[in-house]
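# Coordinate analysis (summary)
As a plain string of letters, each chain reads:
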Amino acid sequence: MLKLSPETRLEQRCDARAMGSVGREHKGYKPDEFVAYAFADPVIRGNQIKAPGGAVRSGGKWYRLSYVCETSADGLEVKSFAYQLGAEVPRGEWDEHYLVPR
C-alpha cells in the first residue's frame, strides 16, 4: 500500500472501508467491487476524499453509494467515515457508468 501515490492510497483505503461497512451494516449485502467515479468524480483535499457518485456491487447488482472519508497523513488509518447507500442502478445504465457485471 505504501508504494501507491498518496491520493491512490487514500482512495483505495476509503473504498475498502465503504465496502466493509456495507457488508457489515446491511443484511444480505456482500460487496465485491466499488467504483468511486461512477456518477461523479471524487474530490480529494489533503487527507479527505468525498466520493459523491460512487457505486458498489453486491450479489451481481450495483447500488449507488456516496461517502466522505478522512485518513491519517500516511493514508493507512481511517480517522472518520460516513456513507450513504442508495438505490439499485438499473442494468441499462451500467455501461454508461463503468459498472461491469460479475
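Procedures and definitions
- Residues numbered from 1 in each chain as written.
- Predicted model: local features only at pLDDT ≥ 70, side-chain atom pairs only at ≥ 80, totals over all residues.
- Heavy atoms only, no water.
- Helix = DSSP H or I, 4+ residues; strand = E, 2+ residues; numbered from the N terminus.
- Rg over C-alpha atoms; globule rule 2.2 N^0.38 Å.
- Buried < 20%, exposed > 50% of the residue type's maximum accessible area, 1.4 Å probe, protein only.
- Areas by Shrake-Rupley, 256 points an atom, 1.4 Å probe, with all protein chains shown as cover.
- Lys, Arg positive; Asp, Glu negative; His and termini not counted.
- Charge placed at Lys NZ, Arg CZ, Asp CG, Glu CD.
- Pairing = 2+ DSSP bridges.

### Quick look at the overall build of the protein chain
Regarding its fold elements, the protein chain presents one helix and five strands. What you see for the protein chain is a C-alpha radius of gyration of 13 Å, in line with the 13 Å of a compact globule of 102 residues. Oriented by its inertia axes, the alpha-carbon framework of the protein chain measures out at about 40 × 30 × 20 Å. The proportion of buried residues among the 102 residues of the protein chain is 34%. For the protein chain, the exposed surface amounts to about 6000 Å²; the carbon and sulfur share of it is 48%. Side chains of the protein chain carry 15 positive and 14 negative charges; the gap between the two charge centres is 6 Å.

### Quick word on the pairing of strand β3 (residues 48–58)
The buried fraction of β3 is high, at eight of 11 residues. Where strand β1 (residues 31–35) and β3 come together, four bridges link them in antiparallel fashion. Pairing of E33 across the sheet is with R57, part of β3. Examined bridge by bridge, strand β2 (residues 43–45) and β3 share three bridges and lie antiparallel to one another. In the sheet register, V43 faces β3, and the bridge partner there is K50. In this antiparallel pair of consecutive strands, β2 and β3, the connection spans two residues, and G46 shows a positive phi of 65°.

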